[in-house]
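Spelled out from the first residue to the last, the chains are:
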Amino acid sequence: MQKLYLDKTDPALACRSIFSSEAMIVPAGTTMYTMPVSDKNEEYKNLAVSNDIHFIFEDHVPAIDFYTIPYIDIFAYDSNGGFLGTVNEMTDLESTAQIIYIDNEHKCYVAGQNMKHFLSKGKNWRNNMKRWSKVQFFASVEEAKVKLPFYHIYLRPAEYSSFYKLEMNA
C-alpha cells in the first residue's frame, strides 16, 4: 500500500483526519503546543524548578530546527536543550499518546506511556528512558518533500454537504 505523508504543520490540515482505502496516511511534521500566559501557575513553576520540565507558554516559545516523521507535538523543553512531545496526536492530559524526549542531538527516547504516566514519574522522568528510533528528522518540510512522497492536498467543500472531498496530486 502506498504511503501518503500528511503535513500537520499546514494550517488547513492540522486538525483534520484523512482516511484512504488507497494509501496509508502518515501524519508528519513538528508543532508546538503553547499555552496562554494566563494559565501559568505554581504547579507549572514547580515542574520547571523541581523536575526540569518547562511547559511552553506564549511568552517563551523556543525555536525548533527540525521537521519530523511521524508527527510530534512539542509541549515542553528541558535545561539540556531537549524537547518533550506527543506522537501522532496533539498534546492533551487525557490522551493515550506516547510521550517522547528528543535530545539536543536529535536522538529520541520514550519518556512515558502517556501524559499521566509521564507526569507521575516526577523528578525521575529521565530514568529508564528507552531509545526510540522510529523518528526521521529533516531540516524542513521542503527537505522531507524532496526525499519522501508527499502529496499536494486540496480540500474544497463537497456539493450540498458539510464534508470535504480529498483531491491528491502527486
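This write-up is about the structure you can find in this document. (Residues numbered from 1 in each chain as written. Predicted model: local features only at pLDDT ≥ 70, side-chain atom pairs only at ≥ 80, totals over all residues. Heavy atoms only, no water.)

## Some points on the packing of aromatic side chains
Throughout the structure, instances matching the rule amount to ten aromatic pairs. Pairing Phe-66 with Phe-83 gives two aromatic rings, centres 6.0 Å apart and planes at 65°, and the pair type is edge-to-face. With Phe-66 in the loop between strand E4 (54–55) and strand E5 (67–69) and Phe-83 in strand E7 (residues 83–87), this pair connects stretches of sequence that are 17 residues apart. Assessed through its relative accessible area of 7%, Phe-66 is described here as buried. Joined through ring pairs, the aromatic side chains of Tyr-44, Phe-55, Phe-57, Phe-75, Tyr-101, Phe-118 and Trp-125 make up one cluster. In this structure, Arg-131 packs its charged tip against the face of Tyr-109, placed 5.8 Å from the ring centre. (Phe/Tyr/Trp six-rings, centres within 6.5 Å; stacked < 30°, edge-to-face > 60°. Helix = DSSP H or I, 4+ residues; strand = E, 2+ residues; numbered from the N terminus. Buried < 20%, exposed > 50% of the residue type's maximum accessible area, 1.4 Å probe, protein only. Lys NZ or Arg CZ within 6 Å of the ring centre and 35° of its normal.)

## Thoughts on helix H1 (residues 42–51)
Those residues of H1 lying buried are Leu-47, Ala-48 and Asn-51. Each buried residue of H1 sits inside an arc of 115° when the element is viewed along its axis, so together they form one side. In H1, the exposed residues that point more than 90 degrees away from the buried face are Glu-42 and Val-49. Taken together, the buried residues of H1 touch E4. The backbone nitrogen of Glu-43 lies 3.0 Å from a side-chain oxygen of the residue at the head of H1, namely Asn-41. Asp-52, located one to two residues past H1, shows a positive phi value of around 60°. (Arc of directions from axis to C-beta. Contact = heavy atoms within 4.5 Å. Polar contact = N/O pair within 3.5 Å; in protein donor to acceptor, adjacent residues only side chain to side chain.)

## Points about unusual backbone geometry
Put simply, Ile-69 and Pro-70 share a cis peptide bond, and its omega is 10°. Not every positive phi belongs to a glycine, and Asp-52 is a case in point at roughly 60°. With respect to the helices, strands and loops of the structure, Asp-52 is situated in the loop between H1 and E4. According to the relative accessible area criterion, Asp-52 is buried, its value standing at 13%. If you check the backbone angles, Asn-128 has positive phi at about 65° while not being a glycine. The residue Asn-128 is located in the loop between helix H2 (115–120) and strand E10 (130–131) in this model. By relative accessible area, Asn-128 is classed as exposed at 69%.

## Thoughts on the side chain of Thr-86
Inspection of the secondary structure assignment puts Thr-86 in strand E7. A distance of 2.6 Å separates the side chain of Thr-86 from the backbone oxygen of Glu-89, its partner in a polar contact. Looking at Thr-86, its side chain comes within polar contact range of the side chain of Thr-91, at 3.5 Å. Setting aside chain neighbours within four positions, we find Thr-86 in contact with Tyr-71, Ile-72, Asp-73, Phe-75, Thr-91, Ala-97, Gln-98 and Ile-99.

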